[in-house]
Amino acid sequence: MRIGYGWDSHEFKSQVPLKIGGLDIPHSKGLGGHSDGDVLLHAITDALLGAVAAPDIGTLFSPSDARWKGADSAMFLEEALRRVKAAGYKITNVDSTLILAQPKIGPHAQAIRERVSDLMGIPGDQIGVKAKTPEGMGTENAAIAHAVVLLEKVPHNVRRRSQKKSPR
Ligand SMILES: [Zn+2]
């Protein structure tokens, strides 16, 4: 088994759409950043990459590279999933905590979980999405995300069988 941990933060900016966990959330501000600023997908991506000892998100998708300007963060997650699979692992579960003052995540938590489930190709009951407000942290204008993932090795015979099923 492998464990992975990821952390990310982005600053709120006006005139930017808010995207968390691949979901558009109605709010007066969004998260700034070179890509779409999806703090949750970035933390999950880094957790997956870390679990298989791959380079981190900033190394693979450098903020100075014009290709990733305004990029959909689902692309970053896809690359991390590809690396997990190539290393011979499958995801057991993901847990995450969002820390932000506004907007309230509670009403969107189930939709975020469903969207992350679609993007990761694992059932929603293997995905934890929790949210807290940043009491006493002085980070009212930022969104922070922590994520952990647990991976388990796919047995060799199962891997060979699934490779035969989908030849490249
Ligand atoms: Zn980020």
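Note that the coordinates shown come from a computational prediction; the quantities given were computed from them, not determined experimentally. Along each chain, residue indices are assigned from 1 in the same order as the chain's sequence is written. Local features in a predicted model are, by the rule used here, given only for residues with pLDDT of at least 70; side-chain atom pairs are given and counted only at 80 or more, and totals for whole chains, interfaces and linings are based on all residues. Calculation of side-chain values draws on the structure's entire complement of heavy atoms; hydrogens and water are dropped beforehand.

Enquirer: So what about the environment of Ser64? Which residues, and what values?
Expert: Strands here mean DSSP runs of E at least two residues long; helices mean DSSP runs of H or I at least four residues long; both are numbered from the N terminus. Turning to its location among the elements, Ser64 is positioned in the loop between α2 (57-60) and α3 (74-86). For the pair Ser64 and His34, spaced 30 residues apart in sequence, the C-alpha separation works out to 8.3 Å.

Enquirer: Let's hear about the coordination of the zinc ion: which residues, and what values?
Expert: Sites may look incomplete, because water is not among the atoms used; the donor set itself consists of N, O and S atoms within 2.8 Å of the metal (3.2 Å for Na, K and Ca). Within the protein, the zinc ion binds to Asp8 (OD), His10 (NE2) and His42 (ND1); these donor distances fall in the range 2.0 Å. Read N to C, the donor residues that coordinate the zinc ion are spaced as D-x1-H-x31-H. A residue pair is termed long-range when its members are at least 10 positions apart, and Asp8 in strand β1 (residues 2-14) and His42 in helix α1 (residues 39-51) qualify at 34 residues. Partly exposed describes any residue whose relative accessible area lies between the buried limit of under 20% and the exposed limit of over 50%, with all areas from a 1.4 Å probe on protein chains only and scaled to the type maximum. Asp8 gets classed as buried once you look at its relative accessible area, which sits at 15%.

Enquirer: Describe the packing of α1 against helix α4 (residues 109-120), naming the residues involved and giving the relevant values.
Expert: Orientation of α1 relative to α4, taken along the N-to-C sense of each, is 40 degrees, at an axis distance of 12 Å. Comparing their axes, α4 and α1 come out oblique. Between α1 and α4 the crossing geometry is right-handed. Where α1 abuts α4, its residues Leu40, Leu41, Ile44 and Leu48 lie against Ile112, Val116, Leu119 and Met120. The class makeup of the residues in the contact of α1 with α4 is 8 nonpolar, no polar and no charged. Note on definitions: angles span 0 to 180 degrees between N-to-C directions of axes, and those axes are lines fitted to C-alpha atoms, for helices only across the stretch in contact. Reported orientations rely on four angle classes, namely roughly parallel under 35 degrees, roughly antiparallel over 145, roughly perpendicular from 65 to 115, and oblique for the rest. A clockwise turn of the near helix away from the far one marks a right-handed crossing, whereas an anticlockwise turn of less than a right angle marks a left-handed crossing. Contact definition: two residues touch when any of their heavy atoms are within 4.5 Å. Residue polarity is assigned by list, with Asp, Glu, Lys and Arg as charged and Ala, Val, Leu, Ile, Met, Phe, Trp, Tyr, Cys and Pro as nonpolar; anything else, Gly included, falls into the polar class.

Enquirer: A description of the sheet that holds β1 should follow, citing residues and the corresponding values.
Expert: In sheet architecture, strand pairing relies on hydrogen bonds along the backbone and comes in two forms, parallel and antiparallel. If you trace the 5 strands from one edge of the open sheet to the other, you get β4-β1-β7-β5-β6, paired in mixed fashion. Across the chains shown, the open sheet's two edge strands, defined by having one partner strand only, are β4 (29-31) and β6 (127-132). The average undirected angle you get between the axes of adjacent strands in this sheet is 20 degrees. Strands were regarded as paired on the criterion that DSSP finds at least two bridges between them. Inspection of the sheet shows β1 paired to β4 by 3 bridges, in the antiparallel sense. Residue pairing for β4: Ser14 is matched across the bridge by Lys29. Contacting β1, β4, β5 (89-99) and β7 (142-153), α1 crosses the sheet at an angle of about 155 degrees to β1.

Enquirer: Any chance you could break down α4 for me, citing the residues and the numbers?
Expert: Expected span, for any helix, means 1.5 Å times one less than how many residues it has. Here α4 contains 12 residues, and its C-alpha end-to-end distance of 16 Å stays within 8% of the 16 Å for a straight helix at 1.5 Å per residue. For α4, the full list of buried residues reads Ala109, Ile112, Val116, Ser117 and Met120. Down the axis of α4, the smallest arc covering the buried residues is 140 degrees, so these residues share one side. Elements that come into contact with the buried residues of α4 comprise β2 (18-20), β3 (23-25), α1, α3, β5 and β6. Immediately downstream of α4, the backbone of Gly121 shows phi near 70 degrees, a positive value. The directions from the helix axis to the C-beta atoms form the arc being described.

Enquirer: Can you break down α1 residue by residue, with the values?
Expert: Look at α1: 18 Å from first C-alpha to last across 13 residues, which is about the 18 Å you get at 1.5 Å a residue. The buried fraction of α1 is high, at 12 of 13 residues. At the exit of α1 stands Ala53, carrying a positive phi of roughly 55 degrees.

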